[in-house]
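Structural overview for review
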Amino acid sequence: MKALQEATYYSSEHGYLDVTMELRSLGVPWKLHVWLESLHRAHQQSRSGVTLALLREFTSIREEEYCEELISFGLPLMFTIFRTSKNDAIIQQLATIFSHCYSSAPLPTIQEAKPNLSAQLDPHFLNNKEMSDVTFQVEGKPFYAHRVLLITASDRFKALLGPSGPDGSVQDCKSIEISDIKYSIFQMMMSYLYCGGVESMKVAMPDVLELLSAASQFQLKVLQRHCEVTCTRSIDLDNAVSIYQTAKAHGAAELSACCEGYFLKHMPDLLERESFRGLVLGATGARMGPSRNTPLEELEGALSRRLCSLYITSRV
């Protein structure tokens with residue numbers, strides 16, 4: 001067996017793919033390096049049948065062999081095949097490998113941010129026309145608020161309301177129009193400001209992403225973080241893509257990382273959904289976020305870091 005293993009090493013090194021596969025059929029176990037070289041040759045030669053056979057045997061390689069070569073050479077190779085292959089069986093098998101490599105360890109978590117309890121008013125003041133000095137127009141309906149609270153809530157509100165006069169009076173008393181936010185979402189956001197915390201907030205999952213977008217737009221970091229935490233607790237096969245796209249659009253790096261972990265962990269099932277296939281393989285897979293990477297490039301980076309933490313750093 002030792003001689004046969006040596007033969008598989010040299011046959012893979014010199015590109016004799018058929019010899020390597022024949023030796024494997026005799027019962028020679030895969031070594032990671034030999035398997036990677038064989039997969040590389042099969043891909044170069046466009047031999048989809050051999051490529052699929054090799055991918056199906058990846059899990060026979062002992063995890064003790066996972067090393068830097070898998071991260072630096074194996075992952076780029078497999079993600080290249082995933083991106084370029086037209087063979088659905090190969091794509092599905094690669095998804096199974098990515099999920100296997102990510103392992104069953106928990107997803108990254110996000111912690112709630114500490115609220116600013118000093119910046120709040122009695123809820124009795126919320127949307128109270130008689131006591132307000134600021135009026136917003138949202139979806140054609142008025143919403144009454146208080147400048148003294150809002151200018152301390154965020155720089156966005158401060159800029160929106162404008163400067164006050166020498167005596168503290170508001171210079172511009174016209175109503176302020178708010179676009180691209182539903183009235184119900186704006187009301188939730190304002191309720192958070194007046195109550196000074198998120199403990200009593202009960203937001204249905206369909207509204208969470210819109211509230212996250214509104215919180216980001218108005219620079220309410222504590223509320224945005226609460227929405228991100230809610231997303232991590234409610235992520236599933238149906239909403240994972242929407243959560244990821246929202247996270248990327250608003251620079252929510254930790255929520256993006258959680259989604260990427262979820263994608264890798266559940267990739268075989270997610271590939272059954274057109275939204276996910278479009279994200280990683282289709283026209284919607286555009287470059288996103290500050291890094292300007294495609295979603296597939298982000299997944300490769302996430303899996304690389306995961307493998308490094310599980311099998312490289314842990315051995316140091």
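Cut-offs used in this document
- Residues numbered from 1 in each chain as written.
- Predicted model: local features only at pLDDT ≥ 70, side-chain atom pairs only at ≥ 80, totals over all residues.
- Heavy atoms only, no water.
- Helix = DSSP H or I, 4+ residues; strand = E, 2+ residues; numbered from the N terminus.
- Buried < 20%, exposed > 50% of the residue type's maximum accessible area, 1.4 Å probe, protein only.
- Contact = heavy atoms within 4.5 Å.
- Areas by Shrake-Rupley, 256 points an atom, 1.4 Å probe, with all protein chains shown as cover.
- Salt bridge = Lys/Arg side-chain N within 4 Å of Asp/Glu carboxyl O.
- Pairing = 2+ DSSP bridges.
- Phe/Tyr/Trp six-rings, centres within 6.5 Å; stacked < 30°, edge-to-face > 60°.
- Lys NZ or Arg CZ within 6 Å of the ring centre and 35° of its normal.
- Axes fitted to C-alpha atoms, helices over the stretch in contact; angles between N-to-C directions.
- Patch = residues over 30% accessible without salt bridge, like charges linked within 9 Å, V, L, I, M, F, W, Y side chains within 5 Å.
- Core = buried A, V, L, I, M, F, W, Y, C linked by side-chain atoms within 4.5 Å.
- Expected span 1.5 Å × (residues − 1).
- pLDDT = per-residue confidence, 0-100.

Notes on the overall build of the chain
A tally of helices and strands in the chain yields 16 helices and three strands. Expressed as a percentage of the 316 residues in the chain, the buried residues total 44%. The long-range share in the chain, meaning contacts at least 24 apart out of those at least 6 apart in sequence, stands at 66%. Taken as a whole, the chain presents about 15800 Å² of accessible surface, with 51% of it coming from carbon and sulfur.

Observations regarding the pattern of salt bridges
Going through the model one piece at a time under the given rule, you end up with nine salt bridges. For Asp238, the salt bridge is made with Arg273, and the minimal N-O distance between the two is 3.2 Å. Taken as a pair, Asp238 in the loop between helix H11 (221-234) and helix H12 (240-249) and Arg273 in the loop between helix H14 (267-270) and helix H15 (274-280) lie far apart in primary sequence, 35 residues in all. Judged by its relative accessible area of 27%, Arg273 is partly exposed. Because the salt bridges share partners, they merge into one network encompassing Arg225, Glu228 and Glu254.

Digging into the pairing of strand S2 (residues 141-145)
For strand S1 (residues 134-138) and S2, the ladder comprises five bridges, and the chain directions are antiparallel. When the sheet's bridge partners are listed, Phe136 is paired in S2 with Phe143. Linking S1 back to S2 in an antiparallel pair, the connection comprises two residues, with Glu139 at a positive phi of about 55°.

Regarding the packing of aromatic side chains
Applying the stated criterion to the full structure yields 14 aromatic pairs. Ring geometry for Tyr9 versus Tyr10: centroids 5.3 Å apart, planes at 85°, classification edge-to-face. Among the aromatic residues, those joined into a cluster by ring pairs are Phe136, Phe143, Phe157, Tyr183, Phe186 and Phe218. The cationic tip of Lys141 hangs over the ring face of Tyr183; the distance from NZ or CZ to the ring centre is 4.2 Å. Between the NZ or CZ atom of Arg306 and the centre of the ring of Tyr102, over which it lies, the distance is 3.8 Å.

Some remarks on unusual backbone geometry
Backbone geometry at Asp180 places phi at a positive 70°, although glycine is not the residue there. Although it is not a glycine, Gln219 adopts a positive phi angle of roughly 60°. If you trace the backbone, Gln219 turns up in the loop between helix H10 (205-217) and H11. We classify Gln219 as partly exposed; its relative accessible area is 41%.

Quick word on the sheet that holds S2
Ordered by their spatial adjacency, three strands build an open sheet running S2-S1-S3, and the pairing between neighbours is mixed. Two strands in the sheet have a free side with no partner beyond their single neighbour: S2 and strand S3 (176-178). The mean angle between the axes of side-by-side strands here comes to 35°, regardless of whether they run parallel or antiparallel. Packing of helix H9 (residues 183-195) onto the sheet brings it into contact with S1, S2 and S3, and relative to S2 it is tilted by some 5°.

As for the side chain of Gln224
On the secondary structure map, Gln224 appears in helix H11. Excluding residues that lie within four positions of it along the chain, Gln224 makes contacts with Leu212, Ala215, Ser216, His250 and Ala252.

A few points about a nonpolar patch on the surface
Taken together, Met1, Leu4 and Leu26 make up a surface patch of nonpolar side chains, about 290 Å² in accessible area. Secondary-structure assignment places Met1 in the segment before helix H1 (2-13). Taking the relative accessible area as the measure of exposure, Met1 reaches 52% and is therefore exposed.

Thoughts on the nonpolar core
Soluble globular proteins tend to bury their nonpolar side chains together. Ranked by size, the top nonpolar core spans 90 residues in total, and within it Trp35, Phe136, Phe186, Met190, Phe263 and Phe276 carry the most contacts. Contacts of Phe263, omitting those with residues within four sequence positions, involve Ala240, Val241, Tyr244, Leu270, Phe276, Leu279 and Leu299.

Focus on the pairing of S1
The alternating pattern of S1 places Val134, Phe136 and Val138 on a buried face, while none of Thr135 and Gln137, on the opposite face, is buried. Bridge count between S1 and S3: three bridges; the pairing is parallel. For Gln137, the partnering residue across the bridge sits in S3 and is Glu177.

Brief notes about helix H13 (residues 253-265)
Across its 13 residues, H13 extends 18 Å between first and last C-alpha, which sits within 8% of the 18 Å expected from 1.5 Å per residue. For H13, the complete set of buried residues consists of Leu255, Ser256, Cys258, Cys259, Glu260, Gly261, Tyr262, Phe263 and Leu264.

A short note on the confidence of the model for the chain
Residue-level pLDDT values for the chain average 88, and 88% of them are 70 or greater. The lowest-confidence element of the chain is helix H7 (residues 147-153), averaging 85 in pLDDT; the highest-confidence one is helix H4 (residues 48-56), averaging 98. Between residues 165-171, whose pLDDT stays under 50, and residues either more than four places distant or in other chains, the model counts five contacts.

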